[in-house]
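# What the coordinates show
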Amino acid sequence: MSALHLLLINASARLGVSGIHPHGSHTRRLTRHLVDRWRAVRPEDQVIYRDLSREPPSPVTAEWIDAAFTPPQRRDAGMSAYLAESDRLIEELRRADLVVIGVPMYNFGIPATFKAWIDNVVRVGATFGFDRERAEDSYWPMLPAGKRLVILSSRGDTGYEPGGRLEFMNLVERSITLPMSYIGLTETYCIAIVVREELGML
Ligand SMILES: Cc1cc2nc3c(=O)[nH]c(=O)nc-3n(C[C@H](O)[C@H](O)[C@H](O)COP(=O)(O)O)c2cc1C
């Protein structure tokens, strides 16, 4: 069996790991557990670690938009430089067979660092195509097919699950699966835990 590439993305602002560090992150604990188990079974696979809190992706700027919407052959060196970080993040995603995301719920949605990552990797002409002339099919994914996406989330309250009383307020999974499916990641697995912490501890 050939080696697979895993891309492990952590988005919690808390750098410690629960169960190891005081007030550590539960999503980091989940991702660590998954990767430890995976490595035990498939030690030959490669894991790329992307920590969005230690190294937050740059938010989209006017210069970034100018560069991204300029066809590659017409970009100058400055424009290419503006896209260098996005290129690196996209390349990590392109190589990954399995993408594992540890993502907390912050105010019903995802952390800002993770949104910045999405905005860097969902890029016209790079990860999705767009042609207004193609009436039925004006958008199409450009990443290779067959990738799998695992979303490991944590939140402080119950009821956000499908059918739950707060389902309509849960923006976490949908705000990830929608843009990811748009660029070609359609096979998705979601697990969420509820962690009750003393407010004073947060
Ligand atoms: C800024 C912030 C906003 C939060 N918003 C919510 C929320 O809207 N709903 C909820 O159930 N929990 C919320 N929580 C609780 C976290 O989702 C919960 O503590 C989760 O375990 C955090 O992930 P982590 O342990 O990986 O850091 C919030 C926590 C923080 C720090």
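Report follows, based on the coordinates. (Residues numbered from 1 in each chain as written. Predicted model: local features only at pLDDT ≥ 70, side-chain atom pairs only at ≥ 80, totals over all residues. Heavy atoms only, no water.)

### Quick look at the packing of helix α4 (residues 84–95) against helix α5 (residues 112–121)
The N-to-C vectors of α4 and α5 enclose an angle of 85°; their axes lie 8 Å apart at closest approach. When the axes of α4 and α5 are compared, the pair comes out roughly perpendicular. Contacts between α4 and α5 involve Ser86, Leu89, Ile90 and Leu93 from the former and Trp117, Asn120 and Val121 from the latter. Split by residue class, the contact of α4 with α5 holds 5 nonpolar, 2 polar and no charged. (Axes fitted to C-alpha atoms, helices over the stretch in contact; angles between N-to-C directions. Helix = DSSP H or I, 4+ residues; strand = E, 2+ residues; numbered from the N terminus. Parallel < 35°, antiparallel > 145°, perpendicular 65-115°, else oblique. Contact = heavy atoms within 4.5 Å. Nonpolar A, V, L, I, M, F, W, Y, C, P; charged D, E, K, R; others polar.)

### Some thoughts on the site of the ligand
In the vicinity of the ligand there are 16 residues, among which Ser12, Ser25, Thr27, Met105 and Ser154 approach most closely. Within the contact set of the ligand, an oxygen atom lies 2.8 Å away from a side-chain nitrogen or oxygen of Arg14. Separating an oxygen atom of the ligand from a side-chain N or O atom of Ser154 is a distance of 2.6 Å. Contact with the protein chains removes 80% of the 630 Å² of surface that the ligand exposes when unbound. (Near = heavy atom within 4 Å. Polar contact = N/O pair within 3.5 Å; in protein donor to acceptor, adjacent residues only side chain to side chain. Areas by Shrake-Rupley, 256 points an atom, 1.4 Å probe, with all protein chains shown as cover.)

### A short note on the nonpolar core
Residues Phe114, Trp117, Ile176 and Met180 are the most contacted members of the largest nonpolar core, which totals 32 residues. Counting residues per element, the ones that place at least two in this core are β1 (5–10), α4, β3 (98–104), α5, β6 (148–155) and α6 (172–183). Not counting the four nearest positions on each side in its chain, Ile176 is found in contact with Ile101, Val103, Ile110, Phe114, Leu149 and Ile151. If you look at the next biggest cluster of nonpolar residues, it comprises 8 residues, including Val35, Leu98, Val100 and Leu152. (Core = buried A, V, L, I, M, F, W, Y, C linked by side-chain atoms within 4.5 Å. Buried < 20%, exposed > 50% of the residue type's maximum accessible area, 1.4 Å probe, protein only.)

### Description of the pairing of β1
Most of β1 is tucked away, with 6 of its 6 residues classed as buried. Here β1 shows a buried face lined by His5, Leu7 and Ile9 and a second buried face lined by Leu6, Leu8 and Asn10. Sheet topology note: the β1/strand β2 (residues 46–51) ladder contains 6 bridges and is parallel. Each residue of the ladder has a partner; that of Leu8, found in β2, is Tyr49. In this view, the connection linking β1 to its parallel neighbour β2 by way of helix α1 (residues 26–41) has right-handed handedness. (Pairing = 2+ DSSP bridges. Right-handed = clockwise from strand over helix to strand, strands pointing away.)

### Some points on unusual backbone geometry
For His23, which is not glycine, the phi dihedral falls at a positive 55°. Secondary-structure assignment places His23 in the loop between β1 and α1. By relative accessible area, which is 45% here, His23 ends up partly exposed. One non-glycine residue with positive phi stands out, namely Phe108, at about 75°. Mapping Phe108 onto the fold places it in the loop between β3 and α5.

Geometric descriptors of this kind do not, in isolation, establish any biological role.
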